[in-house]
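Secondary and tertiary structure notes
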Amino acid sequence: MTENGPRKTWPPAVSTAGGWDDDNEEPPVKALSPEEAAALKSALPMLSPWRVLGLQLVVGLLCVAVIRLWTGSGVAMVSALYGVAAVVLPNMLLARGMTKRVDSAVGAAAGFMGWEFLKIGASIAMLVLAPKVVPGLSWPALLVTLAVCIKVNWLALAWRGRRLN
């Protein structure tokens, strides 16, 4: 508290109890002009989900080839290919749903949650059906390929971050 009223600093001071001092106001929010918003949008290009999917597919197929060369097993190769499909196909559902035009933030959030639940459900269903679809399934080959394909998302984000710096 100051002589002119509550203290108005940002970030809020940490209290002696270890938490934030809740008496401070929120930081001021500055509305951007249309020109500033356009400049910010051009400085932060969007990463297309379809590019990430393509990268997942390419990395997954490379992983399938490595597993085929390393094990010499057709079953391991098919299992690895199924692992690629268990990542790429559900992500295609999500990408398709997320690229639809939405007019409100609430609609976008609800749409994202709905498509994400659908993606998770499809992934789980594919993994549950894997032993029936791939005779003699090699779980290690499937899971290694699945993990590598999932990590492509982090690779894409890291790549995007480097381009921005």
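Predicted model, so just to flag it, every value in this text is computed and none were measured.

A separate point is the overall build of the chain. Helices and strands together make up the secondary structure of the chain, namely five helices and zero strands. Overall, the chain shows an N-to-C arrangement of helices and strands of α-α-α-α-α. A fraction of 65% describes how many contacts in the chain between residues 6 or more apart in sequence connect residues 24 or more apart. Just so you have it, the chain exposes about 11600 Å², and 69% of that area is on carbon and sulfur atoms.

Okay, the side chain of T145 next. Assignment of secondary structure puts T145 in helix α5 (residues 139-164). Relative accessible area serves as the criterion here: at 0%, T145 is assigned to the buried category. At 2.9 Å, the side chain of T145 forms a polar contact with the backbone oxygen of A141. Apart from residues no more than four positions distant in its own chain, T145 is found in contact with G60, C63, V64, I67, A80 and V84.

A separate point is helix α2 (residues 49-71). Along its 23 residues, α2 runs 32 Å from first to last C-alpha, staying within 8% of the 33 Å computed at 1.5 Å per residue. Within the span of α2, buried status applies to V52, L53, Q56, G60, C63, V64 and I67. Of the residues trailing α2, G72 is marked for its positive phi of about 70 degrees.

Relative orientation of the contacting elements helix α3 (residues 74-98) and helix α4 (residues 105-133) amounts to 160 degrees, with a least axis distance of 9 Å. Comparing the axis directions of α3 and α4 gives the class roughly antiparallel. The handedness of the crossing between α3 and α4 comes out as right-handed.

A separate point is the nonpolar core. Side chains of nonpolar character tend, in soluble globular proteins, to be buried together. Of all hydrophobic cores here, the largest spans 20 residues; its most connected members are I67 and Y82. Top element by residues in this core is α3. It accounts for eight residues. With near-sequence residues (within four places) excluded, Y82 lies in contact with M126, L129, A130, V133, V134 and L142.

This part takes up the state of the cysteines. Evaluation of the coordinates by the stated rule reveals zero disulfides. Looking at the unpaired C63, the closest cysteine sulfur is the one in C149, lying at 6.7 Å. Here C149 falls in the buried class, since its relative accessible area comes to 0%.

This paragraph deals with the packing of α2 against α3. Axis separation between α2 and α3 bottoms out at 8 Å; the angle between their running directions is 175 degrees. As the angle between them shows, α2 and α3 are arranged roughly antiparallel. Packed against α2, whose contacting residues are P49, W50, L53, Q56, L57, G60, L61, V64, I67, R68 and T71, the element α3 presents G74, A76, M77, A80, L81, V84, V87, V88, N91, M92, A95 and R96 at the interface. When the residues that make up the contact of α2 with α3 are grouped by side-chain class, the tally is 16 nonpolar, five polar and two charged.

Time to look at the pattern of salt bridges. Across all of its chains, the model carries one salt bridge by this definition. We note a salt bridge from E116 to K119, for which the minimum N-O separation is 3.3 Å. Of the two residues, E116 and K119 are both situated in helix α4; the distance of three residues between them amounts to about one turn of the helix. There is no split in this pair, since E116 and K119 are both buried.

Each value, and the rule that gives it
- Residues numbered from 1 in each chain as written.
- Predicted model: local features only at pLDDT ≥ 70, side-chain atom pairs only at ≥ 80, totals over all residues.
- Heavy atoms only, no water.
- Helix = DSSP H or I, 4+ residues; strand = E, 2+ residues; numbered from the N terminus.
- Contact = heavy atoms within 4.5 Å.
- Areas by Shrake-Rupley, 256 points an atom, 1.4 Å probe, with all protein chains shown as cover.
- Buried < 20%, exposed > 50% of the residue type's maximum accessible area, 1.4 Å probe, protein only.
- Polar contact = N/O pair within 3.5 Å; in protein donor to acceptor, adjacent residues only side chain to side chain.
- Expected span 1.5 Å × (residues − 1).
- Axes fitted to C-alpha atoms, helices over the stretch in contact; angles between N-to-C directions.
- Parallel < 35°, antiparallel > 145°, perpendicular 65-115°, else oblique.
- Left-handed = near helix turned anticlockwise from the far one by under 90°.
- Core = buried A, V, L, I, M, F, W, Y, C linked by side-chain atoms within 4.5 Å.
- Disulfide = S-S within 2.5 Å.
- Nonpolar A, V, L, I, M, F, W, Y, C, P; charged D, E, K, R; others polar.
- Salt bridge = Lys/Arg side-chain N within 4 Å of Asp/Glu carboxyl O.

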